[in-house]
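What follows is the residue order along each chain.
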Amino acid sequence: MTNLIDLSYFHGNVSIPNLGTNEGNLASVNDFIVKYEKKFLSEILGYKMYSQLVTAYTPTAPISGIWFDLVNGKEFVDSLGRDNFYSGLADISEGDDRKLSPIANYIYWQFMKNTATNTVGIGESITATENAFRVSPKDKMVTAWNEMVEWNMIMDDFIKQNEEKYPDYIGFTQDAYAVNPPLFGNQILFKKQNPFQI
């Protein structure tokens, strides 16, 4: 399976600078997509369901069915009996210039975490700037992460309401907001963050 997302998903609040002008940045983001899309999908779906997705789904086929719905989204009745819409793992419903994906938010968070400093021979450093002040990317990272968590919760509800179609989904099984919960497997992907990490 090719990756579900590409560089066109990094816009708006998950915009990564210099993708069109910096060959190093472009290659780095593509490396992050390859590494972290697989990590996100195998953790949130479980390895068995992730393997099934990889085997069954290609961007051109199928054009319907359970894997198409998982990737592209679908209307459903949620656990509260409301009509709802699951936007999919790689939503293109807004058109090519407005693609959205929890995978992109996850990769953005990982990219910003890993590029906030530069590793040099003496340790970590930051680049000096002229006519600008460096500020922490933490607020933007938290916003992107929390948006991803909201999408993940809707996906979890969508899959659980269609559990006969997705019997190998590992699901979200623990209250992520319990006091000091031990977080296992995919549960971190369902827990919101704040800039203070509390």
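Residues numbered from 1 in each chain as written. Predicted model: local features only at pLDDT ≥ 70, side-chain atom pairs only at ≥ 80, totals over all residues. Heavy atoms only, no water.

Trainee: Run through the overall build of the protein chain, naming residues and quoting values.
Mentor: Counting secondary structure elements, the protein chain contains five helices and four strands. By the burial criterion, 40% of the 198 residues in the protein chain qualify as buried. For the protein chain, the proportion of contacts with a sequence separation of at least 24, taken over those separated by at least 6, is 60%. Accessible area for the protein chain stands at about 11400 Å²; split by element, carbon and sulfur atoms hold 55% of it. (Helix = DSSP H or I, 4+ residues; strand = E, 2+ residues; numbered from the N terminus. Buried < 20%, exposed > 50% of the residue type's maximum accessible area, 1.4 Å probe, protein only. Contact = heavy atoms within 4.5 Å. Areas by Shrake-Rupley, 256 points an atom, 1.4 Å probe, with all protein chains shown as cover.)

Trainee: Give a description of the nonpolar core that names residues and reports values.
Mentor: Ile5, Phe10, Leu45, Leu70 and Leu89 are the most contacted members of the largest nonpolar core, which totals 47 residues. Of all the secondary-structure elements, those providing two or more residues to this core are α1 (23-45), α2 (47-56), α3 (66-72), α4 (102-115) and α5 (138-161). With sequence-adjacent residues up to four places away left out, Phe10 is seen in contact with Ile5, Ser15, Ile16, Leu19, Val29, Ile33, Ala104, Ile107 and Tyr108. (Core = buried A, V, L, I, M, F, W, Y, C linked by side-chain atoms within 4.5 Å.)

Trainee: Could you give an account of the pairing of strand β2 (residues 83-86), with specific residues and numbers?
Mentor: The pairing of strand β1 (residues 74-77) with β2 spans four bridges and is classified as antiparallel. Across the sheet, Val77 pairs through a bridge with Asp83, a residue of β2. Hairpin remark: β1 followed by β2, antiparallel, with five residues in the connecting loop; positive phi at Gly81, about 80°. (Pairing = 2+ DSSP bridges.)

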